[in-house]
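# Descriptive structure summary
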Amino acid sequence: MASGSAALDQIVAKLKGSSDPKRRYEYVLWLAKKLPPAPAELQCESNRVKGCVSQVFVAPTAGVNGLQWQGDADAQITKGLLALLIAGLNGLSASEVQAIDPCFIAETGLQGSLTPSRANGFLNILRHMQAQAAHL
């Protein structure tokens, strides 16, 4: 399945390639640890993802090489999901971000490891990023 982002497709393939749900979960936690700290000013209402149990903030910066995303979350697994999306969407144009089909989420195999509220939060983060891209 092609999501519209080569980087996102690579991440999905890596997750899909593991039949062990624990390994997929560990990969998401590893992504969380790799996410650089976001500046404090990022934590404002317009950058807050609504519909997440955790506090999640994300914002793009438009540049010559496409959108560059920064974000943070107060829960490690949610931070890892955010990091997955940031890695997958960095460098895309605003229209490319808006065109990402959320069906890739099911392809990751993470649904079985996430609580329903966290899985819903994953989709909400993507939708928030797409809405932000639409406003640029």
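Attention here is on the structure that accompanies the text. (Residues numbered from 1 in each chain as written. Predicted model: local features only at pLDDT ≥ 70, side-chain atom pairs only at ≥ 80, totals over all residues. Heavy atoms only, no water.)

## Quick notes on the packing of aromatic side chains
How two aromatic rings sit relative to each other is given by the distance of their centres and the angle of their planes. Scanning the model with the defined rule gives two aromatic pairs in all. Pairing tyrosine 27 with tryptophan 30 gives two aromatic rings, centres 5.8 Å apart and planes at 25°, and the pair type is stacked. Residue tyrosine 27 and its partner tryptophan 30 are both found in helix α2 (residues 21-34); the two are separated by three residues, about one turn of the helix. Look at phenylalanine 104 and phenylalanine 122: their rings are 6.3 Å apart centre to centre, the planes differ by 85°, and that puts the pair in the edge-to-face class. (Phe/Tyr/Trp six-rings, centres within 6.5 Å; stacked < 30°, edge-to-face > 60°. Helix = DSSP H or I, 4+ residues; strand = E, 2+ residues; numbered from the N terminus.)

## Here we look at the pairing of strand β1 (residues 56-63)
Bridging between β1 and strand β2 (residues 66-73) involves eight bridges; their strand directions are antiparallel. What sits directly across from phenylalanine 57, in β2, is aspartate 72. (Pairing = 2+ DSSP bridges.)

## Quick look at the nonpolar core
Counting residues in hydrophobic clusters, the biggest one holds 37 residues, and the most contacted among them are Leu84, Leu89 and Phe104. Of all elements in the fold, only α1 (6-16), α2, β1, β2, α3 (76-89), α4 (94-98), α5 (104-107) and α6 (116-134) reach the threshold of two or more residues within this core. With eight residues, α3 is the single largest residue contributor to this core. (Core = buried A, V, L, I, M, F, W, Y, C linked by side-chain atoms within 4.5 Å. Buried < 20%, exposed > 50% of the residue type's maximum accessible area, 1.4 Å probe, protein only.)

## Comments concerning the pattern of salt bridges
Applying the stated criterion across every chain, the model contains four salt bridges. Lysine 16 serves as the salt-bridge partner of glutamate 107, at 2.7 Å between the closest nitrogen and oxygen. In this pair, glutamate 107 sits in helix α5 while lysine 16 sits in helix α1, placing the two residues 91 residues apart along the sequence. Its relative accessible area of 49% is what places lysine 16 among the partly exposed residues. Between glutamate 45 and lysine 50 there is a salt bridge, with its nearest N and O atoms 3.5 Å apart. Classification of lysine 50 as partly exposed rests on a relative accessible area of 48%. One network of salt bridges, with partners in common, ties together Glu45, Arg48 and Lys50. (Salt bridge = Lys/Arg side-chain N within 4 Å of Asp/Glu carboxyl O.)

## Some points on the environment of threonine 115
Along the chain, the position of threonine 115 falls in the loop between α5 and α6. Given a relative accessible area of 43%, threonine 115 falls into the partly exposed group. The sequence separation of threonine 115 and leucine 85 amounts to 30 residues, and the corresponding C-alpha distance is 18 Å.

## Some words on α1
Along an α-helix, residues three or four apart share an orientation, since each turn contains 3.6 residues. Within the sequence span of α1, burial applies to Leu8, Ile11, Val12 and Leu15. Considered in projection along α1, the buried side chains sweep an arc of 100° and stay on one side of the axis. For α1, exposure combined with an orientation more than 90 degrees from the buried face picks out Ala6, Gln10 and Lys14. Summarising the contacts, the buried residues of α1 are in contact with α2, α3 and α5. (Arc of directions from axis to C-beta. Contact = heavy atoms within 4.5 Å.)

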